[in-house]
Amino acid sequence: MFELFVLLLKVGFVLNIALVLGSLCTWLERKGSALIQDRVGANRAGAFVESDRWYLKPVLPLVRMMGWLGVINTLLCDSLKGLWKEDFVPEGTSKFLHAVAPIIAVMPIMLAFAVLPLAPDFTVFGYYIHPRVAPIDAGLLFVLAMGSVAVYGVAIAGWTGNNKFSLLGSLRAAAQMISYELPMGMVFVALIVVYGTLDVYSIVEQQGELIWGFVPKWGVFVQPVGFVVLLLAGMAETKRGPFDLPEAESELAAGYFTEYSGMKFLLFWLGEFCEIALFALLLALLFFGGWQIPWVRLPEGVWWAALIGHVVLMTKVVFFCLLQIVIRWTLPRFRYDQLMNLGWKMLLPISLLNLVITAIVKVLA
Amino acid sequence: MESMLTYVALSMVLFVIGAIGVCLRRNAIVVFMCIEMMLNAVNLAFVAFSKLHGNLDGQVAVFFVMVIAAAESAIGLAIILSVFRTFESVETTDAGQLKW
Amino acid sequence: MNVISFLTGVCAVVSAIGVVSLRNPLYSAFALVINLLAMAGLYAALDAHFLAVSQVVVYAGAIMVLVLFVLMLLNLKSESGRRLGFVRSALALVIGCVVVMSALPPVVSHFSSMSQTTLSDNMRNSVGTVKAVGQELYTNYVAQFELASLVLLIGIVGAVMLAKRKSVVLAPRPGGLVGGSK
């Protein structure tokens, strides 16, 4: 019974982190893009709010500051607008599939958060807690599997639009996603060869060791090519960054979610931002030491060490989210054939070569 | 063990449903999908027997079945595409030019 | 067999019936995806973890996406012509039940002849972690593994060759169309 309670707490915690990171990315995107493009961005909603009630007066300066930063605009107003818009289903297609497609697009992302650890193990009040919802043996492979299932949301979404723009956009997006899963899988295999396990928790733990005495065995030092390939493949998988031709706001009339409005559209958006957070979390866990500060060894199993580790991990995750957002708003987008060229003719051979070299070095050393 | 028996019975039921689908459906792609379903039913039987006998040979067999099914699906769908280009339809009753 | 794997099995059977009986081929494809995911769940219940995740990656994530691509690009209507009669469907159902029930007795007798202790020992030894399956594959079955990769290569090349459009050369040759060298 206690196990069930702890499991529910963990599920709530991980879901909370995923959704909070997704919303944070939404706000970072809106305000960050504004600052990159040398404009102000959203700063009106809630920035001029005044009141005479005594219990609101201490809170109002904080609300005004958040409104000026654009937080209230992005997080409150956009959500309410999405909830209250008319939900338009195109005729001639199945209503059920139109409703189910956003769910299929978002659910694998949330499921992939379940196998990733968010803090080291700790013991509190005599109970041992392992902060991962599902300690599956094949953890890294499960993330890849969830990336494969997320293709269906895109494909079904484009098909239920019942017009050529949506169908073309969704087929292009699905082809892009499955093409970039291959270099991602090869990078995961190279990481498995180096660290010897599929379990993300023990990969993070092994990154605490030192190679040659002074360099921490972080993934980015052991597999630099793998880091670059995973960054590119991850951005292409989430259809972000310079690889966002399927969305192509200025070209394909919003691509595969042309026919979506209201909360379903926001669900696609939220799924995309949660996927940014997922890839940031993967990069931080696999390549940058996870919750470990370099050269600092905190005592194991203590609750405040776990808290510090969690805060360090979240800092790294936010840094990688920012990196993805900055890359998206700085680079122009690829044409579709350039995108496929990059995936099949450049990233796949590079990741295969990386795998071969890693295997040779591992056997010889 | 009764639970292993349930898995093998389930595998048989799925195999027979797939076989009925192959016999009754006329769309070539649906026939292909029913063949995939039959392969999956056999995979389930392999895994159940592997668990029953305590070694991993069954699971290795399932791995190879999956690999071969992947290769077969690529080539099968390429053939269906070629047939579609020639006959403008994927129904199996329409590709009957060799009937006397 | 606990409740969750029983429900997953029911889901697999229902979606299998959906594959066979839905008119629109795209809906059959979605039903098959649900069937494959249910089978992955059954593999996980049988302690074959690597196979469960491989099933999702390979079958549900790649093969069915390919089928979905072909279906969406071909833009097919539902099956035309007369629906299958009630007599034909009932006959199919009866023959199916006869086949299943005639194949069950040997399996039941095989199961009931194994002793309980060997059964529980065997079940503990066959956990299909990635490491265990990998060791089996690379030590006892390595020749078959290499042959399987060769088959995949042949599949890739064959599929590209089969699905390519035959290109007709329409550009005029340098030096004019009539005679002349080079």
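Remember, predicted model here, so these are calculated numbers, not experimental data. (Residues numbered from 1 in each chain as written. Chains lettered and ligands numbered in written order. Predicted model: local features only at pLDDT ≥ 70, side-chain atom pairs only at ≥ 80, totals over all residues.)

A word on the overall build of chain B. A count of helical and extended segments in chain B gives three helices and zero strands. Helices and strands appear in chain B in the N-to-C order α-α-α. In summary, chain B has a C-alpha radius of gyration of 17 Å against a globular reference of 13 Å for 100 residues, an excess of more than 25%. Nonlocal contacts in chain B, meaning residues at least 24 apart in sequence, comprise 48% of its contacts between residues at least 6 apart. (Helix = DSSP H or I, 4+ residues; strand = E, 2+ residues; numbered from the N terminus. Rg over C-alpha atoms; globule rule 2.2 N^0.38 Å. Contact = placed C-beta atoms within 7 Å.)

Looking only at helices and strands, chain C features seven helices and zero strands. Taken from N to C terminus, the helices and strands of chain C fall in the order α-α-α-α-α-α-α. In chain C, which comprises 182 residues, the proportion classed as buried is 30%. (Buried ≥ 20, exposed ≤ 12 C-beta atoms within 10 Å, placed from the backbone.)

Turning next to the interface of chain B and chain C. With 60 residues of chain B at the contact, the number on the chain C side is 65 residues. When residues of the side of chain B that touches chain C are traced back to their parent elements, those giving at least two are helix H1 (2–24), helix H2 (28–53) and helix H3 (57–87) of chain B. No other element matches the 21 residues that H3(B) contributes to the side of chain B that touches chain C. The residue makeup of the side of chain B that touches chain C, split by class, is 44 nonpolar, twelve polar and four charged. (Nonpolar A, V, L, I, M, F, W, Y, C, P; charged D, E, K, R; others polar.)

Glancing now at the interface of chain A and chain C. Between chain A and chain C, the residue contacts involve 18 residues of the former and 15 residues of the latter. Ranked by residue count, the leading element in the side of chain A that touches chain C is helix H5 (residues 139–159) of chain A, at ten residues.

All right, on to the environment of Ile308(A) then. All names here are of chain A. Its location among the elements puts Ile308 in helix H11 (residues 303–330). Classification of Ile308 as partly exposed rests on a count of 17 C-beta atoms within 10 Å. Between the C-alpha atom of Ile308 and that of Gly126, which follows or precedes it by 182 residues, the distance is 20 Å.

Membership of the largest hydrophobic core comes to 178 residues, with the highest contact counts inside it found for Ala277(A) and Met64(C). Dropping the residues within four chain positions of it, Ala277(A) is found in contact with Ala18(A), Leu21(A), Gly22(A), Cys25(A), Val317(A) and Cys321(A). (Core = buried A, V, L, I, M, F, W, Y, C linked by C-beta atoms within 7 Å.)

All names here are of chain A. The terminal C-alpha atoms of helix H12 (residues 336–364), which comprises 29 residues, lie 41 Å apart, in line with the 42 Å expected from a rise of 1.5 Å per residue. Within H12, burial applies to Leu339, Leu342, Gly343, Leu347, Ser351, Asn354, Leu355 and Thr358. The elements touched by buried residues of H12 are helix H6 (164–195) and helix H9 (224–237). (Expected span 1.5 Å × (residues − 1).)

Per the domain assignment, the segments of chain C are domain 1 (1–76) and domain 2 (129–160). Computed from C-alpha atoms alone, the centre-to-centre distance between domain 1 of chain C and domain 2 of chain C is 23 Å. (Domains from an automatic or database assignment.)

Here the focus is the confidence of the model for chain C. Summing up the model confidence of chain C, the mean pLDDT is 82 and the portion of residues at 70 or higher is 79%. Predicted complex metrics record ipTM = 0.91 and pTM = 0.89. (pLDDT = per-residue confidence, 0-100.)

Time to look at the environment of Ser89(B). All names here are of chain B. Tracing the backbone shows Ser89 in the segment after H3. Among the residues examined, Ser89 registers 18 C-beta atoms within 10 Å and is labelled partly exposed. It is 34 Å that separates the C-alpha atoms of Ser89 and Val62, two residues lying 27 residues apart in sequence.

There are two pairs of chains in contact here, and the one with the most contacts is chains B and C. Left apart from each other, chain A and chain B have a closest C-alpha approach of 15 Å.

All names here are of chain A. At their nearest, the axes of helix H10 (residues 263–287) and H11 sit 8 Å apart, and the two run at 125° to each other. Taken as axis vectors, H10 and H11 run oblique relative to one another. Of the two possible hands of crossing, H10 and H11 adopt the one that is right-handed. Contacts between H10 and H11 involve Ile276, Ala277, Ala280, Leu281, Leu283 and Ala284 from the former and Leu313, Lys316, Val317, Phe320, Cys321 and Gln324 from the latter. (Axes fitted to C-alpha atoms, helices over the stretch in contact; angles between N-to-C directions. Parallel < 35°, antiparallel > 145°, perpendicular 65-115°, else oblique. Left-handed = near helix turned anticlockwise from the far one by under 90°.)

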